[in-house]
Amino acid sequence: RDDVSDWSSDVCSSDLGSGGIGKAMAKAFLAEGAKTVVLADLNADAVNAAAVEIGCSGKTCDVTNEAQVAALVNETIAEHGKIDLFCSNAGAGGAGLLTDAENEVWQMQWELHVMSHLYAARAVLPSMIERGEGYLLNTASAAGLLAAIGTGPYTVTKAAAVKMAEFLSITHADDGIKVSVLCPQGVNTAMAPRSLGDGQTRSEEHTSELQSLTSSR
């Protein structure tokens, strides 16, 4: 769409929408006049409560399950005719520094931070390409641009998420598909460190580590 300020006919879908960035996105889209917003989250009670609170639709979806992602997309298109903007937003931390992290942690982080974006694109792109327009907004992290201390699986998979978005943009630009990747720093959400307070961008622990590294150079 050439006029990105006109949301009146847009159908937007956001996963991990029961709180944090996903819920904030949904509120912003509705405030801008989006026709329909569909939230999705693994927690049925949470997503339904959020949907009621902000006045939109809510659906349950495990974004690491490709069949469920496809069902989310197909149901939304069946109910609303199209998806103009799909926000692939799910994410979580993982235990372990690097080689000490269990294989299960690495696999979970890969599924959540990389494959979920692929599943979403695979499901929603055909209808967007057929219409000649569509927008993918993938949430990665600042950790995908600059390694975050102490979180190897998270940092590596978020870097892959950035490249996924870049590759989607390169591959489908001529199809009328636009792609953005969101790389936030610390955000005061449920997955943030407990020491992350309002207005801060990193925990006191990480600040101390950064200062130690700087003084040792």
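Conventions adopted
Each chain has its residues counted from 1, following the order in which its sequence is written. In view of the model being predicted, local features appear only for residues whose pLDDT reaches at least 70, and side-chain atom pairs are presented and counted only at 80 or more, with totals across whole chains, interfaces and linings using the full set of residues. To get the side-chain values, take all heavy atoms of the structure and skip hydrogens and water. Where helices and strands are cited, they refer to DSSP runs of H or I of at least four residues and of E of at least two residues respectively, numbered from the N terminus. Between buried and exposed lies partly exposed: a residue is buried under 20% and exposed over 50% of the maximum accessible area for its type, with that area taken using a 1.4 Å probe on protein chains only. We define the nonpolar core as a collection of buried residues of types Ala, Val, Leu, Ile, Met, Phe, Trp, Tyr and Cys that are connected through side-chain atoms lying within 4.5 Å of one another. Contacts between residues were defined by any pair of non-hydrogen atoms, one from each residue, lying within 4.5 Å. Pairing between strands is defined by DSSP: at least two bridges between the two strands are required. If the strands point away from the viewer and the path from the first strand over the helix to the second runs clockwise, then the crossover is right-handed. Each reported salt bridge corresponds to a side-chain nitrogen of Lys or Arg within 4 Å of a carboxyl oxygen of Asp or Glu. For helices, the fitted line uses only the C-alpha atoms of the stretch in contact; every axis is such a line through C-alpha atoms, and the angle between N-to-C directions lies from 0 to 180 degrees. Note that the term roughly parallel is reserved for angles under 35 degrees, roughly antiparallel for angles over 145, roughly perpendicular for angles of 65 to 115, and oblique for everything else. Put simply, a crossing is left-handed when the front helix is turned counterclockwise from the back one by less than a right angle, and right-handed when it is turned clockwise. Given a helix with a known number of residues, its expected span is that number minus one, times 1.5 Å. We define the bend at each residue as the angle formed by axes fitted to the 7 residues ending at it and the 7 residues starting at it.

Caption draft 1: Broad picture of the side chain of asparagine 89. Along the chain, asparagine 89 turns up in the loop between strand 4 (85-88) and helix 4 (103-131). A relative accessible area of 6% places asparagine 89 in the buried class.

Caption draft 2: Focus on the nonpolar core. Residues Phe86, Val124, Met128, Leu136 and Leu168 are the most contacted members of the largest nonpolar core, which totals 26 residues. Those elements that place two or more of their residues in this core are strand 2 (36-41), helix 3 (66-80), helix 4, helix 5 (152-172) and strand 6 (177-182). Here this core gets 10 residues from one element, more than from any other, and that element is helix 4. Those residues in contact with leucine 136 that lie beyond four places of it in its chain are Phe86, Ala121, Val124, Leu125, Met128, Leu168, Ile177, Lys178, Val179 and Ser180.

Caption draft 3: Quick peek at the pairing of strand 3 (residues 57-60). Relative to strand 3, strand 2 runs parallel, the two being bridged by 4 bridges. In the strand pairing of strand 3, leucine 39 is matched with glycine 58. Read as a crossover between parallel neighbours, the route from strand 2 over helix 2 (residues 44-54) to strand 3 is right-handed.

Caption draft 4: Seen up close, the pattern of salt bridges. Counted by the stated rule, this structure contains 8 salt bridges. For the salt bridge of glutamate 66 with arginine 122, the shortest nitrogen-to-oxygen distance reads 2.9 Å. With glutamate 66 in helix 3 and arginine 122 in helix 4, this pair connects stretches of sequence that are 56 residues apart. The exposure class of glutamate 66 is partly exposed, given its relative accessible area of 30%.

Caption draft 5: Summary view of the packing of helix 1 (residues 20-31) against helix 2. Here helix 1 crosses helix 2 at 25 degrees, and the two axes come no closer than 11 Å. Our classification of the angle between helix 1 and helix 2 gives roughly parallel. As helix 1 packs across helix 2, the resulting crossing turns out to be right-handed. Only Ala50, Glu53 and Ile54 of helix 2 make contact with helix 1, whose side of the interface consists of Lys23, Ala26, Lys27 and Leu30.

Caption draft 6: Spotlight on helix 4. Along its 29 residues, helix 4 runs 41 Å from first to last C-alpha, staying within 8% of the 42 Å computed at 1.5 Å per residue. Taking the largest bend as the criterion, helix 4 deviates by roughly 40 degrees, centred on leucine 125, and proline proline 126 comes between one and four positions later. Of the residues trailing helix 4, glycine 132 is marked for its positive phi of about 80 degrees.

Caption draft 7: Summary view of the pairing of strand 2. For strand 2, the tally of buried residues reaches 6 of 6 residues, placing the bulk of the element in the interior. Burial along strand 2 is two-sided: Thr36, Val38 and Ala40 facing one way and Val37, Leu39 and Asp41 facing the other are all buried.

Caption draft 8: Highlighting helix 5. Along its 21 residues, helix 5 runs 30 Å from first to last C-alpha, staying within 8% of the 30 Å computed at 1.5 Å per residue. The set of residues buried in helix 5 consists of Gly152, Pro153, Tyr154, Thr155, Thr157, Lys158, Ala161, Val162, Met164, Ala165, Leu168 and His172. Buried residues in helix 5 make contact with helix 4, strand 5 (134-139) and strand 6.

Caption draft 9: How the structure looks around the environment of isoleucine 21. Counting through the fold element by element, isoleucine 21 comes out in helix 1. The exposure class assigned to isoleucine 21 is partly exposed, which follows from its relative accessible area of 23%. Separated by 68 residues in the primary sequence, isoleucine 21 and asparagine 89 place their C-alpha atoms 7.7 Å from one another.

That is the geometry; function is a separate question.
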